[in-house]
Amino acid sequence: MTAAAVLAQAVLLGGLAPVLPGVVTRTKSWWAGRRGAPVLQPAYDLVKLMRKRAVYSATTTALFRVAPWTVLGATVVASLVVPLAGPALVSFPGDVVFFAYAWGLARAAMMLGALDTGSPFEGMAASREATFSTLLEPALFLLAGGVGLVGDVDTLGAMVQVRGHDATGWLVWALSVVTLTVLVQVEAARLPVDDPTTHLELTMVHEGMILDHSGPDLAALQYAAGLKLATGLALLAALFVPVGLPPWAAGLATAAGCLALAVGLGTVESLTARLRMRAVPAYVLVALFAAGAAVLASAWHGNGGAL
Amino acid sequence: MSVRVVPAAPTFSGVDASGVDAWRADLVARLGRGHRVVTLFGRPADVGTVRITAVFEEPGGALAVARVDLDPARGYHQLTGAFPALHVFERELHEQLGVAFRGHPWLKPLRFEHGGAPDAYPFYRVDGGQSHEVQVGPIHAGVIEPGAFRFAVEGEDVHHLEIHLGYQHRGVEALLLRRDPRALAPLVETVAGDTSVAHTWAYAAAIEALAGAAAGVETGAAAGVETGAAAHDTARALLLELERVAMHLAGLSGLAQDLGFAQGASTYGRLRTTAINATMRLCGSRFGRGGVRPGGSGVTLDPERRAALRDTLALLSRDATEIDARFLGSSTVLHRLQGTGRVPAAMARDLGLVGLAARASGLAIDRRAHDPRFAGLPVVTRPGGDCLARAEQRVHELHASLRFLGGLLANEPEAGVSRGTIGPLAPDTLAVSVVEGWRGEVVHALETDREGRLIHYKVQDPSLRNWMGLAQAVRGEEISDFPICNKSFDLSYCGSDL
């Protein structure tokens, strides 16, 4: 790992984090026939929040204050195993488990912080988050198993480079795209699962859990949300980047892919309404079934056409 | 639109006997014959008595009035149990005048207008298992009015919703008695700012009837008289239907916003601006203020304005048709709206829902149907009673109003600003006027004393009756669907709170 690689990772992922939500918003504005806020608006908002003071309710404890920074820390750590330009900064066998539970730690911290407020809105939001992630976590592991089997690899960095050499390989690749798309939509709290622009407390998931945070704490949570979106989209984009490019080209291709996917995400958000809350688990099951199918396909493939 | 003028003395037709028992029996008999209660209110009469006024809509659309004096301490045996539609009226009579109701199931104050602490009110509660309570408001996210919603929830499902209003109570009815009754229009326009035209028309029609000012009006000296056409009708109808068009566009925009359907939110919102700007060209205010005055008019309609209005109507019709198709053609939108927040026709009738919400549940309640000035405007109803029906209802009414406005303009109407001259008001007379605003029927009742002074002013916004429809609609629904149910009814807090 060179200093250049660290710098590239920091600039790409760290820089995309506040930009991608702005790109999605801008795309939605375009579809709605409006000019929209500047692409860098989320970044301006972060600067504004950092200059403010946090306000704490008397019912909250230290948990509430620690939560945002735990969320940010865990999200940053998770992003280290994601390959952007060539190999990832950190890579070891089974690092996908590390990745899943770093995100899991962030989620747990955010839910505990939400419950700490005692607000029914935050409680309902945390309950919904728990329900959705219970279904989503197995999908990620099943997908890692399926891709790992078919490509005979055991690191996240290698998994995103697995391409099809035959029909089964391409099937697994296509199922990876489906699974990761739903995963990004749920994890990054985007439509049709969640609506980041809503002001309706009763319908919130991610927004509900950060209702009581303010100032730098809110900035940490917003930045972590952007970084999670960037990380998810980078994984998805990596599936489309040709294997074997030089690191600088791979990095540029991934970044371009992230921006294109953000436009795609905004387009989906513009043309669909949000799902009914009761229908969201069914939507998450799409990811679970796609990942399950990937495992079955690669197991079948590995056994020479027999299960 | 419809004005009923009767002598102020307590009278009710069809029954020879007098007294509260006979009045109550008459009311029950009327409801049994399919009459609909439009309003039921009271005012202090002689010492120790309260004069109650009930206004009915007969099956043919005619308005009838039945009045009685009663002793508030004695009151009468409640009718809410048998006719839930009366619950707001009996609660209001109890709160405002201390009328006792024997056996009443729920005499909760409507507005807490005599002070007290709305926040200390004991809400209904649920206990056990996954049940919990969620309080939303009275201060809400976004720039909207205050109102409290207490949900009793099982997991994600709403078991019961109790709506708690009164935070906007300004004492409107008392304020209306403080000034010259002929100069109340600016105040009436602010009773519910999104229904300015309907409220002001109802006020103006009642005053004109009391003063005998409008053409063709007979003040009811002996028997009740339903008044005919008044001057300035075309200008008022134009403003009223433009208000309906604008508010339906605003409501559809809000509904699309709450569904996360961005195209609908922005396009309906943009068209709403176009509609209210058209109102501004007619009367100088985007909300129709100043357009309706007793005996007069603030509307200017000349060839240039007619041409501009025609262009606007064409634009609204074209663009709304396009976005309607995208909005109601989107499977994700339909998935959210279909079957959500259902109020079946029987429930809507029992609850006494009016206007938009009633018609979306299949009830053909529309005062415009009984008014020759709105001839050619069809009464649209939808059978579903769900959020989709209320959205489709608004779409259909919007286009029906646009066509009606086009028809009005085809007669090349002229209008100019004229100051109304209103003579002295007829003494000892009650005038009840009902105007079909965009939400439903707006009722104003004005009563004069022996010297022709205004002694009572009753205002009723359709929201007052429809809030209970919302409370029932969300039962059994997911709590996260409350915002779209709420938006589909689109009720006014201040109109209800007065």
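Every value quoted in this text rests on a predicted model; they were computed, and no experiment measured them. (Residues numbered from 1 in each chain as written. Chains lettered and ligands numbered in written order. Predicted model: local features only at pLDDT ≥ 70, side-chain atom pairs only at ≥ 80, totals over all residues. Heavy atoms only, no water.)

### Observations concerning the packing of aromatic side chains
What counts here: Ring pairs are drawn from Phe, Tyr and Trp, using the six-membered ring of Trp, whenever the two centres fall within 6.5 Å, and their geometry is named by plane angle: stacked under 30 degrees, edge-to-face over 60, tilted for the rest. Put simply, DSSP H or I for four residues or longer makes a helix, DSSP E for two residues or longer makes a strand, and each gets a number counted from the N terminus. Partly exposed residues are those whose accessible area sits between 20% and 50% of the maximum for their type, while under 20% is buried and over 50% is exposed, using a 1.4 Å probe and protein chains only.
One pass over the structure, following the stated rule, counts 20 aromatic pairs over all chains. Ring plane angle 80° and centroid distance 5.5 Å describe the contact between tryptophan 170 of chain A and tryptophan 173 of chain A, whose orientation is recorded as edge-to-face. Highlighted residues: tryptophan 170 of chain A and tryptophan 173 of chain A, both in helix H7 (residues 167-187), separated by 3 residues, approximately one helical turn. For tryptophan 173 of chain A, a relative accessible area of 19% corresponds to the buried category. Judged by centre distance (6.4 Å) and plane angle (20°), the rings of tyrosine 203 of chain B and tyrosine 457 of chain B are stacked.

### Here we look at the packing of helix H9 (residues 215-238) of chain A against helix H10 (residues 247-271) of chain A
All names here are of chain A. How we decide: Structural elements are reduced to axes, namely lines fitted to C-alpha atoms, with helices fitted over the stretch in contact, and the angle between N-to-C directions of any two is expressed from 0 to 180 degrees. Any angle that is under 35 degrees is reported as roughly parallel, and any over 145 degrees as roughly antiparallel; angles of 65 to 115 degrees are reported as roughly perpendicular and all others as oblique. Every residue pair with non-hydrogen atoms within 4.5 Å of one another is taken to be in contact. Any residue that is not Ala, Val, Leu, Ile, Met, Phe, Trp, Tyr, Cys, Pro, Asp, Glu, Lys or Arg is counted as polar, Gly included; the first ten are nonpolar and the last four charged.
The contact between H9 and H10 brings their axes to 8 Å, and the two run at 110°. Relative to H10, H9 is oriented roughly perpendicular. In this structure, H9 uses Leu229, Ala230, Leu233, Ala234, Leu236 and Ala237 to contact H10, whose residues at the interface are Thr254, Gly257, Cys258, Leu261, Ala262 and Leu265. Considered class by class, the residues forming the contact of H9 with H10 number 10 nonpolar, 2 polar and no charged.

### Topic: the interface of chain B and chain A
Rules: The term buried area denotes the loss of accessible surface (1.4 Å probe radius) that occurs when two parts are joined, taken as the sum for both partners. Between Lys or Arg on one side and Asp or Glu on the other, a salt bridge is scored when a side-chain nitrogen of the former is within 4 Å of a carboxyl oxygen of the latter. Two N or O atoms form a polar contact when they lie within 3.5 Å of each other; inside protein one atom must be a possible hydrogen donor and the other a possible acceptor, and for residues adjacent in sequence the pair counts only when both atoms belong to side chains.
The partner chain A presents 25 residues to the 32 residues of chain B that form the contact. In this assembly, chain B packs against chain A so that about 2,300 Å² is buried in total across both faces, 56% of it on carbon and sulfur atoms. Where chain B meets chain A, there are 4 salt bridges. A salt bridge links arginine 278 of chain A to aspartate 157 of chain B; the shortest N-O distance between them is 2.7 Å. Remark: the boundary between chain B and chain A carries 12 residue pairs in polar contact (both at pLDDT 80 or more). A breakdown of the residues in the side of chain B that touches chain A according to their chemical character gives 12 nonpolar, 13 polar and 7 charged.

### Brief notes about the confidence of the model for chain B
Residue and element names in this part refer to chain B. Which entries qualify depends on this criterion: As a per-residue measure, pLDDT reflects the predictor's confidence and takes values from 0 up to 100.
Chain-level pLDDT for chain B is 86 on average; 93% of the residues reach the 70-or-more range. Mean pLDDT across the elements of chain B bottoms out in strand E10 (residues 225-226) (40) and peaks in helix H13 (residues 463-473) (94). Counting contacts from residues 214-229, a segment whose pLDDT is below 50, to residues more than four positions away or on other chains yields 42 contacts. We note a pTM of 0.88 for the whole complex and an ipTM of 0.84 for its interfaces.

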